[in-house]
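Next come the chains, spelled out residue by residue.
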Amino acid sequence: MAIKTTRITRAWPLDSMEDGFDEDGLPRYDRPYNASDLRAVNALMVTDGVFKDYRDECVVRRDGETWRVMPGGVVAAGLYAPVPNAVDVLDQSDIPTGSYAHVVLAARFDTAYRDAAIYAYVIEDAEYEPVRTDSVHELVLARIDWRGAYTDRRLETDVCGYVRPMAPGDTDNFIEELRVKVAEFDLEVGLVEALPPGDDPYVTVEKPTQPGGTTVVGFGLPQGPQGEPGVAVSLDHGYFGMTVEDGHLIVTHNDNEPAPPLSIRDGHLIYTID
């Protein structure tokens with residue numbers, strides 16, 4: 001087969017030229033763009049979610065009996081939807097006993113709407129799967145139960161998340177999600193071991209031995225390079241300083257002050273408090 005060139009005429013953005021007139025006398029263009037073309041471009045560059053650090057990040061807050069979505073902005077299936085002002089969604093009394101309100105911000109592409117909308121589903125199920133079709137694309141911002149308990153779902157990437165570039169290894173978003181997930185568990189920091197410089201760090205997880213117990217997390221962290229010897233140049237009343245010089249611990253204190261209550265016992269440096 002001979003080498004051939006194939007034109008891609010719907011690349012974006014390219015100029016669209018007049019190509020005659022339609023039956024109403026309006027100009028007809030040879031390369032019209034639809035909103036779906038621009039949304040497709042946006043969807044390739046950024047993920048769905050809430051814009052971080054923009055306004056109030058569309059957080060859901062309660063004011064008296066009313067739950068509202070605060071200002072911010074989102075991207076849903078490539079559609080940018082700003083929320084310039086706080087939006088009232090529902091009152092706490094709208095949630096019957098045993099039910100949950102799932103607060104949603106959705107892009108709606110159906111010709112009957114062609115907009116973005118904020119609303120809530122009140123159902124008896126604590127879980128809600130966002131609707132994502134060619135007509136509507138939902139982001140779940142929060143869950144509120146009949147008692148007023150609130151769960152922020154903006155960081156959950158399967159239902160919302162933060163807007164971020166389409167790039168692998170997005171460590172900022174990973175750390176943010178990790179922080180939220182860790183906060184959901186009862187964790188306690190166990191052994192923190194200082195490792196020799198250059199060793200690989202490690203994390204250990206000790207599971208609870210009984211239901212409802214605490215998970216203990218330990219860390220091994222390599223030491224950094226040795227710093228320069230420190231020097232105490234001035235000391236306020238009642239203060240003393242310690243430095244390491246040539247392998248010796250040097251204690252410095254004011255001449256008119258009693259020596260600090262330090263002693264060495266069994267190889268340990270002891271500070272005695274009367």
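What you are looking at is a predicted structure, and each value in this text was computed from that prediction instead of being measured.

1. Topic: the overall build of the protein chain
Looking only at helices and strands, the protein chain features two helices and 19 strands. Across the 274 residues in the protein chain, those meeting the buried criterion constitute 27%. Looking at the protein chain alone, contacts between residues at least 24 apart form 49% of all its contacts between residues at least 6 apart. For the protein chain, the accessible area works out to roughly 18900 Å², and carbon and sulfur atoms hold 53% of it.

2. Remarks on the confidence of the model for the protein chain
Atomic detail in the predicted coordinates should be set aside for any region of low pLDDT. Looking at the protein chain as a whole, its pLDDT mean stands at 78, while 70% of the residues score no less than 70. When mean pLDDT is compared element by element in the protein chain, strand S11 (residues 136–145) scores highest at 95, while helix H2 (residues 171–183) scores lowest at 55.

3. Concerning the layout of surface pockets
Estimated volume of the largest pocket: approximately 160 Å³. Along the walls of the largest pocket sit Asn 34, Ala 35, Ser 36, Arg 39, Leu 79, Arg 108, Phe 109, Arg 114 and Asp 115, which together make up its complete lining. Grouping the amino acids of the lining of the largest pocket by side-chain chemistry returns three nonpolar, two polar and four charged.

4. Some points on the sheet that holds strand S5 (residues 66–69)
Hydrogen bonds along the backbone pair up the strands of a sheet, which may run parallel or antiparallel. The strand order S4-S5-S8 describes an open sheet built from three strands, whose pairing is antiparallel. Here the strands that pair on one side only, and so sit at the sheet edges, are strand S4 (60–63) and strand S8 (87–91). For this sheet the average axis-to-axis angle between neighbouring strands, irrespective of direction, equals 35°. Relative to S8, S5 runs antiparallel, the two being bridged by four bridges. Following the sheet pairing, Trp 67 is matched in S8 by Leu 90.

Rules and cut-offs
Residues numbered from 1 in each chain as written. Predicted model: local features only at pLDDT ≥ 70, side-chain atom pairs only at ≥ 80, totals over all residues. Heavy atoms only, no water. Helix = DSSP H or I, 4+ residues; strand = E, 2+ residues; numbered from the N terminus. Buried < 20%, exposed > 50% of the residue type's maximum accessible area, 1.4 Å probe, protein only. Contact = heavy atoms within 4.5 Å. Areas by Shrake-Rupley, 256 points an atom, 1.4 Å probe, with all protein chains shown as cover. pLDDT = per-residue confidence, 0-100. 1 Å grid on protein atoms, 1.4 Å probe; cavity = no way out; pocket = protein on both sides within 12 Å on 5 of 7 lines; lining within 4 Å. Points joined across faces, edges and corners; volume = space filled by probe spheres on them. Nonpolar A, V, L, I, M, F, W, Y, C, P; charged D, E, K, R; others polar. Pairing = 2+ DSSP bridges. Axes fitted to C-alpha atoms, helices over the stretch in contact; angles between N-to-C directions.

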